[in-house]
Amino acid sequence: MNTMTYLGYAAKIEYSDEDRCFIGRVAGIRDVIGFHADNVTALRTAFEEAVEDYLTYCAECGRAPQRPASGKISLRIPPEVHAAVTVAADVSGKSVNQWISDTLAQATQR
């Protein structure tokens with residue numbers, strides 16, 4: 001996936017052959033923040049402006065802007081996977097939370 005990040009927000013980037021431009025959308029929040037441009041440099045500028053406009057709009061309306069993540073995650077997994085995670089964490093000398101955090105960080109490194 002092609003992404004850009006700015007002020008903690010990440011944008012998913014696609015190319016529209018029909019429109020002959022790059023199209024971006026801020027990912028991970030319910031509010032819709034979109035932008036587009038003909039080249040990568042202009043797309044970066046449009047993304048940053050879109051995020052800043054969103055934050056300004058939220059401040060003017062007196063509401064908190066949505067954030068992509070709080071740092072907490074609730075997860076349902078099969079008991080056998082839970083047991084395997086517990087063993088893997090113990091063997092590595094980590095808590096289950098730290099082991100999962102490290103494993104997810106490693107899996108999402110770009």
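Keep in mind that what you see is a predicted model, and the values were worked out from it rather than measured. (Residues numbered from 1 in each chain as written. Predicted model: local features only at pLDDT ≥ 70, side-chain atom pairs only at ≥ 80, totals over all residues. Heavy atoms only, no water.)

### Notes on the domain arrangement of the protein chain
- By domain assignment, the protein chain separates into domain 1 (5-61) and domain 2 (79-109).
- The C-alpha-based centres of domain 1 and domain 2 are spaced at 34 Å. (Domains from an automatic or database assignment.)

### Considerations on the packing of aromatic side chains
- Evaluation of the coordinates by the stated rule reveals four aromatic pairs.
- Both rings, one in tyrosine 9 and one in tyrosine 54, keep their centres 6.2 Å apart while their planes meet at 85 degrees; by these two values the pair is edge-to-face. On the criterion of sequence distance, the pair formed by tyrosine 9 in strand S2 (residues 9-16) and tyrosine 54 in helix H1 (residues 40-61) is long-range, its members being 45 residues apart. A single burial state applies to tyrosine 9 and to tyrosine 54, both of which are buried.
- Members of the aromatic cluster, connected to one another through ring pairs, are Tyr6, Phe35 and Phe47. (Phe/Tyr/Trp six-rings, centres within 6.5 Å; stacked < 30°, edge-to-face > 60°. Helix = DSSP H or I, 4+ residues; strand = E, 2+ residues; numbered from the N terminus. Buried < 20%, exposed > 50% of the residue type's maximum accessible area, 1.4 Å probe, protein only.)

### Considering the sheet that holds S2
- A sheet is described by the order of its strands in space; here four strands give the open sequence S1-S2-S3-S4, paired in antiparallel fashion. On the outer flanks of this sheet lie strand S1 (3-6) and strand S4 (34-37), each paired with one strand and no other. Neighbouring strand axes in the sheet, compared pairwise and without regard to direction, differ in orientation by 30 degrees on average.
- Where S1 meets S2, four bridges bridge the pair, whose relative direction is antiparallel. When the bridges of S2 are listed, methionine 4 appears paired with alanine 11.
- Each of S1, S2, strand S3 (21-27) and S4 is contacted by H1, which is oriented at about 45 degrees to S1, the strand it contacts most. (Pairing = 2+ DSSP bridges. Axes fitted to C-alpha atoms, helices over the stretch in contact; angles between N-to-C directions. Contact = heavy atoms within 4.5 Å.)

### Some details on the pattern of salt bridges
- Considering all chains together, one arrives at four salt bridges under this definition.
- Aspartate 31 serves as the salt-bridge partner of arginine 63, at 3.0 Å between the closest nitrogen and oxygen. With arginine 63 in the loop between H1 and helix H2 (79-92) and aspartate 31 in the loop between S3 and S4, this pair connects stretches of sequence that are 32 residues apart.
- The partner of arginine 44 in a salt bridge is glutamate 48, with the nearest N and O atoms 3.6 Å apart. Here glutamate 48 and arginine 44 lie together in helix H1, a separation of four residues that amounts to about one turn.
- Owing to a relative accessible area of 29%, arginine 44 belongs among the partly exposed residues under this scheme.
- With relative accessibility at 26%, the residue glutamate 48 sits in the partly exposed group. (Salt bridge = Lys/Arg side-chain N within 4 Å of Asp/Glu carboxyl O.)

### Topic: the nonpolar core
- Membership of the largest hydrophobic core comes to 17 residues, with the highest contact counts inside it found for Val26, Phe35 and Phe47.
- At the level of secondary structure, the elements contributing two or more residues to this core comprise S1, S2, S4 and H1.
- In terms of residues, this core owes the most to one element, H1, which gives seven residues.
- Once you skip the residues sitting within four places of it in the chain, phenylalanine 35 turns out to touch Ala11, Ile13, Phe22, Ile23, Gly24, Arg25, Val26, Leu43, Ala46, Phe47 and Ala50. (Core = buried A, V, L, I, M, F, W, Y, C linked by side-chain atoms within 4.5 Å.)

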